[in-house]
Amino acid sequence: MTAREFNFDGLVGPTHNYAGLSYGNVAATSHAMQISNPREGALQGVQKMRSLAALGLGQGLLPPHERPHIPTLRKLGFTGSDTRILENAWKTAPELVRNVSSASAMWTANAATVSPSSDTRDGRVHFTPANLAAMFHRSIEHEVTGRMLRAIFPEGDVFAHHAAIPSAPQMGDEGAANHNRFCADYGDRGLHLFVYGKHAFGGGAGPKRYPARQTHEASAAIARQHGVKKTIFVQQNPEAIDAGAFHNDVMAVSNRQVFFYHQDAFAAPDALEECLQHAAGDLILSFVRVPREKVSLEDAVKSYLFNSQLLSLPGQQKMTLILPMEVSETPSTRTYVDEMLAYDGPIGDVRYLDVRQSMRNGGGPACLRLRVVLTARQEAAMGARVILDEALADSLEDWIKRHYRDRLGPDDLGDPALMMEQRTALDELTTLLGLGALYDFQRV
Ligand code: SUG
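Residues numbered from 1 in each chain as written. Predicted model: local features only at pLDDT ≥ 70, side-chain atom pairs only at ≥ 80, totals over all residues. Heavy atoms only, no water.

## A word on helix H17 (residues 416-432)
Turning to step 1, where the next piece is worked out: Here H17 is 17 residues long and its end C-alpha atoms lie 25 Å apart, about the 24 Å a rise of 1.5 Å per residue gives.
Turning to step 2, where the next piece is worked out: When we look at burial in H17, the residues that qualify are Leu418, Met419, Gln422, Arg423, Ala425, Leu426, Leu429 and Thr430.
Turning to step 3, where the next piece is worked out: Of the surrounding elements, those touching the buried residues of H17 are helix H3 (70-75), helix H4 (82-92) and helix H16 (390-403).
Turning to step 4, where the next piece is worked out: You can read the cap of H17 off the contacts: a side-chain oxygen lies 2.9 Å from the backbone nitrogen of alanine 417, and it is on aspartate 415.
Turning to step 5, where the next piece is worked out: Of the residues one or two after H17, glycine 434 is the one with positive phi, at around 65 degrees. (Helix = DSSP H or I, 4+ residues; strand = E, 2+ residues; numbered from the N terminus. Expected span 1.5 Å × (residues − 1). Buried < 20%, exposed > 50% of the residue type's maximum accessible area, 1.4 Å probe, protein only. Contact = heavy atoms within 4.5 Å. Polar contact = N/O pair within 3.5 Å; in protein donor to acceptor, adjacent residues only side chain to side chain.)

## Considerations on empty space enclosed by the protein
Turning to step 1, where the next piece is worked out: Applying the stated criterion across every chain, the model contains seven cavities of 30 Å³ or more.
Turning to step 2, where the next piece is worked out: Space inside the largest cavity adds up to approximately 300 Å³.
Turning to step 3, where the next piece is worked out: Counting only elements with at least two residues in the lining of the largest cavity, the list comes to strand S6 (179-182), strand S9 (252-255) and strand S15 (369-375).
Turning to step 4, where the next piece is worked out: Split by residue class, the lining of the largest cavity holds twelve nonpolar, five polar and six charged.
Turning to step 5, where the next piece is worked out: Here the second largest cavity is characterised by a volume of approximately 200 Å³. (1 Å grid on protein atoms, 1.4 Å probe; cavity = no way out; pocket = protein on both sides within 12 Å on 5 of 7 lines; lining within 4 Å. Points joined across faces, edges and corners; volume = space filled by probe spheres on them. Nonpolar A, V, L, I, M, F, W, Y, C, P; charged D, E, K, R; others polar.)

## Topic: the packing of helix H2 (residues 38-54) against H16
Working note: a packed helix pair is described by the angle between its axes plus the distance between those axes.
Turning to step 1, where the next piece is worked out: The N-to-C vectors of H2 and H16 enclose an angle of 175 degrees; their axes lie 10 Å apart at closest approach. In this view, H2 runs roughly antiparallel relative to H16, as classed from their interaxial angle. Across the interface between the two elements, Arg39, Ala42, Leu43, Val46, Gln47 and Arg50 from H2 touch Glu390, Ala393, Asp394, Leu396, Glu397, Ile400 and Lys401 from H16.
Turning to step 2, where the next piece is worked out: In terms of residue class, the contact of H2 with H16 is made up of six nonpolar, one polar and six charged. (Axes fitted to C-alpha atoms, helices over the stretch in contact; angles between N-to-C directions. Parallel < 35°, antiparallel > 145°, perpendicular 65-115°, else oblique.)

## Describing the site of the ligand
Turning to step 1, where the next piece is worked out: Taken together, 21 residues surround the ligand, and among them Leu21, Ser22, His137, Arg213 and Asp249 come closest.
Turning to step 2, where the next piece is worked out: Interatomic distance of 3.1 Å between a backbone N/O atom of glycine 20 and an oxygen atom of the ligand.
Turning to step 3, where the next piece is worked out: A distance of 2.6 Å separates an oxygen atom of the ligand from a polar backbone atom of leucine 21.
Turning to step 4, where the next piece is worked out: Most atoms of the ligand, that is more than half of them, are within 2 Å of grid points of the second largest cavity. (Near = heavy atom within 4 Å. Sits in = over half its atoms within 2 Å of the grid points.)

Okay, here's the thing in structure tokens:
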């Protein structure tokens, strides 16, 4: 069956800010309390989508979430009108307001795990929103993410939706950011590599400094409920997590038969390659392993070399790597990329993108996208207007310029005017995208 891979990018939300909420995410904590520019961030995101769509790739988008999220503050004991809740919470517990104001849903690699129909037992495309249990500000995303996915991919013969798995650190699930799929063509049966940070039960090694956000138990649950036929589970190297690789997609990226990864991403890379090749059978895998002598773990985390999008462009035999600008500004990674292009490997081209607003929170090109493989029939079964074309990109830019602030500090988040501005903006966006009443403020 022929199929296409779509990248669904998260649109940067009106409250994009640097609150330093993610312990273990070095970029986010080192930019804590700086001033952000939500308008620039959102425009950078649309430009990213526009350039990938212009290369002939399937490009979709997921809208921002409602932030600040007043229903969460209600669950935490605040009462009264929405404005009163925000004002009281800001006076008595500003850290809670910062947590419920994060635009973190933009990093859609963490939105869900998606399994293509060629790989599941019932032949449907399966979706499970990630519970993101490790970080409070992200643990409040999954319900609305699930709602969005159901609106775009209606439940039925074609698409199957599951609720997030139970939310506790032992079941921490961070979605597609810890998952890779290998296949010949996108519509062919794939081999799924689930990467976890630690076992929740039964001991075993784990990181010492920073949290392992994804557990083996969570990865196994997702694979089980999607009915994925060919799976391999491997632990992320605890040293990589301790160096700041809080998700495996900071250390590795795959596309079809190619796996581009850092030597220290996994504790035993030789054994992993052997195991993957054995499981892949006739499909000959191609491994591009970057040695630590060329790029240190530290530079991999700083530059986000592996948080790139490895893509098959129409008509191109070799693959293209979409990299953040920071890779060209880090001497070791720039040299590595130049050497890689000079050598006759599977990656034949690179392009650099400016996603600096997101990068300062630890979100590179790959964090911003959720991959969804769809056949033509599945594409036709989609609801909503979320596939990017020039006209939609123009409308989004116009919408951003009318509604977004160009300056936001973590001390501005208690402003009721900001809450109202983003509601007006999101209300208009749901109409533009044909999504119906999606947000809690639209459903009361
Ligand atoms: O979960 N940053 C996100 C970045 C997610 C990146 N995703 C992938 N690697 N796939 C996180 O740590 C920072 C928010 C703040 O500190 O204000 C944040 O949530």
